[in-house]
Structure formats: structure tokens, C-alpha cells
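# Observations on the three-dimensional arrangement
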Amino acid sequence: QVQLVESGGGLVQAGGSLRLSCAASERTFSGHGMGWFRQVPGKEREFVAAISWSGGITFYADSVKGRFTISRDNAKNTVYLQMNSLKPEDTAVYYCAADLTGLAFGRTRYDYHYWGQGTQVTVSS
């Protein structure tokens, strides 16, 4: 069982930056591909970014490509999402998730097995 805890959300002005962190409880964290998703009320949970178990492969949604960077530190059991040039439309609850394959190829919520509780990101215009 992997427990995930997100942190780093908050209120920021458009054009600003935030860095989200997701700390995992399990020693086998390095075996999981990790993803970040976001959700606004009334909408489906949306894929944002993913990273393979080694950190060698990353994927991004088109809407965040060039602005967001996903990374991980397996020694600290932590995955990060650096968010730059934030826009009001980035406002959402952000969730981190762990898969069972290590490959992070999944783009839907059903491809990930473990989830954090979410952290709110609000971007003001």
C-alpha cells in the first residue's frame, strides 16, 4: 500500500510559479511510475504530467507543455511538479498518483492505482 501526500499548493497571480511535492510512504516508490492530474468541479480528472520509475521518461499534456516540469527524487520518495507561467485556467485541485507498471504510460485516472488527497492551486488573473 502506497500512501501519497501532496503539498505546495496555494494562491498565486497569473504568470507566477508554484512547486508541488508528493511524498510517498513506501520504500518501493522507485518501482512506480508517477503522474500528476488535476480536477475542477464538474469536470473529469485531467492528466497533467507523468514520469517513469527511473525519471528517464516524462510525458505532458499539451496544455502544460513548456510551462510545467515533472521530476522525482527516488532517494527522498518524492515527485515534484514545477509550474511556471501559471494561468487562471490552471486553477484546480492537483493530485499525484502512482501506477503499478513503473512506466507511467497511462493518461487516465484508471491507469493509476494509488492517489493522494489533492492540493488546491488557485491562479488569480
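Residues numbered from 1 in each chain as written. Predicted model: local features only at pLDDT ≥ 70, side-chain atom pairs only at ≥ 80, totals over all residues. Heavy atoms only, no water.

## With respect to the nonpolar core
Selection rule: By convention a nonpolar core is built from buried Ala, Val, Leu, Ile, Met, Phe, Trp, Tyr and Cys residues, the set being connected through side-chain atoms within 4.5 Å. Only protein chains enter the accessibility calculation, which uses a 1.4 Å probe. A residue is then buried if its area is under 20% of the maximum for its type, exposed if over 50%, and partly exposed in between. Where helices and strands are cited, they refer to DSSP runs of H or I of at least four residues and of E of at least two residues respectively, numbered from the N terminus. When checking whether two residues touch, look at their non-hydrogen atoms; a contact exists if any pair is within 4.5 Å.
In terms of nonpolar packing, the biggest core is built from 35 residues, with Leu4, Trp36, Leu81, Met83 and Tyr94 touching the most fellow members. Contributions of two or more residues to this core are made by strand E3 (18-24), strand E4 (34-39), strand E5 (46-51), strand E7 (68-73), strand E8 (78-83), strand E9 (92-98) and strand E11 (119-124). Each residue touching Tyr94, except ones within four places of it in the same chain, is listed here: Glu6, Leu20, Trp36, Phe37, Arg38, Val48, Phe68, Leu81, Met83, Gly118, Thr119 and Val121.

## Structural notes on the state of the cysteines
Short version of the rule: Cysteine sulfurs are considered disulfide-paired once they come within 2.5 Å of each other.
According to the stated counting rule, one finds one disulfide in the structure shown. In this model Cys22 forms its disulfide with Cys96; the gap between the sulfur atoms is 1.9 Å. Judged by the torsion about the S-S bond (45 degrees), the Cys22/Cys96 disulfide is right-handed. Residue Cys22 is found in strand E3, and its partner Cys96 is found in strand E9; the two are separated by 74 residues along the sequence. The class of Cys22 is buried, set by a relative accessible area of 0%. Since its relative accessible area comes to 0%, Cys96 is described here as buried.

## Thoughts on the environment of Tyr94
The condition is simple: As used in this structure description, the phrase polar contact means that two N or O atoms lie within 3.5 Å; if the pair is within protein, one of them must be able to donate a hydrogen and the other to accept it, and residues adjacent in sequence are counted only when both atoms belong to side chains.
For Tyr94, the position within the fold is in strand E9. Separated by 55 residues in the primary sequence, Tyr94 and Gln39 place their C-alpha atoms 6.6 Å from one another. Polar side-chain contacts of Tyr94 include one of 2.9 Å to the side chain of Arg38.

Just geometry here; none of it tells us what the structure is for.
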